[in-house]
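Given next are the chains, with one letter for each unit.
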Amino acid sequence: GLSVNYTITLVNGSLTINKAPLTAIADNKVKVYGDPNPVFSITYTGFKGGDDASSLGSPITVSSTASEASGYGVYPITLTGGSSSNYTISLSPGTLTVDKAPLIITAENKTKIYGSVNPGLSFTHSGFKGSDGPGSLSSQPLILTTATTTSNAGLYSINLSGGSSSNYTLILVSGVLTISKATITVQASNQSRLYGAVNPSLSIVYSGFVNSETSAVLDVMPTASTTA
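Quick notes on the rules
- Residues numbered from 1 in each chain as written.
- Predicted model: local features only at pLDDT ≥ 70, side-chain atom pairs only at ≥ 80, totals over all residues.
- Heavy atoms only, no water.
- Pairing = 2+ DSSP bridges.
- Helix = DSSP H or I, 4+ residues; strand = E, 2+ residues; numbered from the N terminus.
- Axes fitted to C-alpha atoms, helices over the stretch in contact; angles between N-to-C directions.
- 1 Å grid on protein atoms, 1.4 Å probe; cavity = no way out; pocket = protein on both sides within 12 Å on 5 of 7 lines; lining within 4 Å.
- Points joined across faces, edges and corners; volume = space filled by probe spheres on them.
- Nonpolar A, V, L, I, M, F, W, Y, C, P; charged D, E, K, R; others polar.

K.L.:
Can you walk me through the sheet that holds strand S8 (residues 101-107) in this structure?
P.N.:
Two strands in a sheet stick together by hydrogen bonds in their backbones, pointing the same way (parallel) or opposite ways (antiparallel). The 3 strands are arranged S10-S8-S13 in an open sheet whose pairing can be described as mixed. This sheet does not close on itself; its edge strands, each paired only once, are strand S10 (123-126) and strand S13 (168-173). Direction aside, the axes of adjacent strands within the sheet are offset by 25° on average. Bridge count for S8 against S10 is 4 bridges, and the pairing is antiparallel. In the sheet register, Ile104 faces S10, and the bridge partner there is Ser126.

Quick look at the structure:
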């Protein structure tokens, strides 16, 4: 401005524009053991105006030490690189959580005849990842049934219990042991008599009983008869 008493000298100053702070945060991720890594992503806090990740001089890269074969656990997601003429960049890591994969173990159904020894009990696996197999488990489940050689005909559960794995959640599925009836042969004994004589006593011969059983275990006894 003008002044009658002063001669005014104008001196220019300077405006210093400092870099704005920008935080890049690696997003936490979750996956199941044996699956490929998920797509990693970054959340930014601090961009000004219409700026975004494309405004950086060089991009920030995101990676993890975990791979498809990495076991159950928590792994770091790290950020590297990135540059900007307008932002001071702070990098914040995230975590990749690898959950156990489900593994279904199923007791196989079995059959046997009443009075026979139990068949060998077995189970199958479904859900192994990669090259894993039964040997990848820390311990196999136990398999058993309440049926014995003398158990009556009917259906009996085949149960699984226990088993462990560092990378799998075990899902145990029971099976069924079907005990079928044993077959016995009931044969009328051959007889003879003289013409005109009374019929002899008719008798029956049994074969096929098991477990030292006799006809006494039958609910209804068969009878023998003849038209003679």
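K.L.:
For this particular structure, what's the right way to read the layout of surface pockets?
P.N.:
Rolled over the atoms, a probe with the dimensions of a water molecule shows which regions are left empty. Taken as a whole, the largest pocket holds about 290 Å³ of empty space. Together, 13 residues line the largest pocket, and Tyr114, Ala182, Glu213, Val217 and Leu218 are the ones closest to its centre. Its residues placed into classes, the lining of the largest pocket shows 8 nonpolar, 2 polar and 3 charged.

K.L.:
When you look at the sheet that holds strand S1 (residues 20-26) in this model, what are you seeing that I'm missing?
P.N.:
One open sheet accounts for 3 strands, arranged S3-S1-S6; its pairing is mixed. If you trace the sheet from one side to the other, it starts and ends with strand S3 (42-45) and strand S6 (87-92), each paired once. When the angles between neighbouring strand axes are averaged without regard to direction, this sheet yields 20°. Sheet topology note: the S1/S3 ladder contains 4 bridges and is antiparallel. Paired with Ala24 across the two strands is Tyr44, which belongs to S3.

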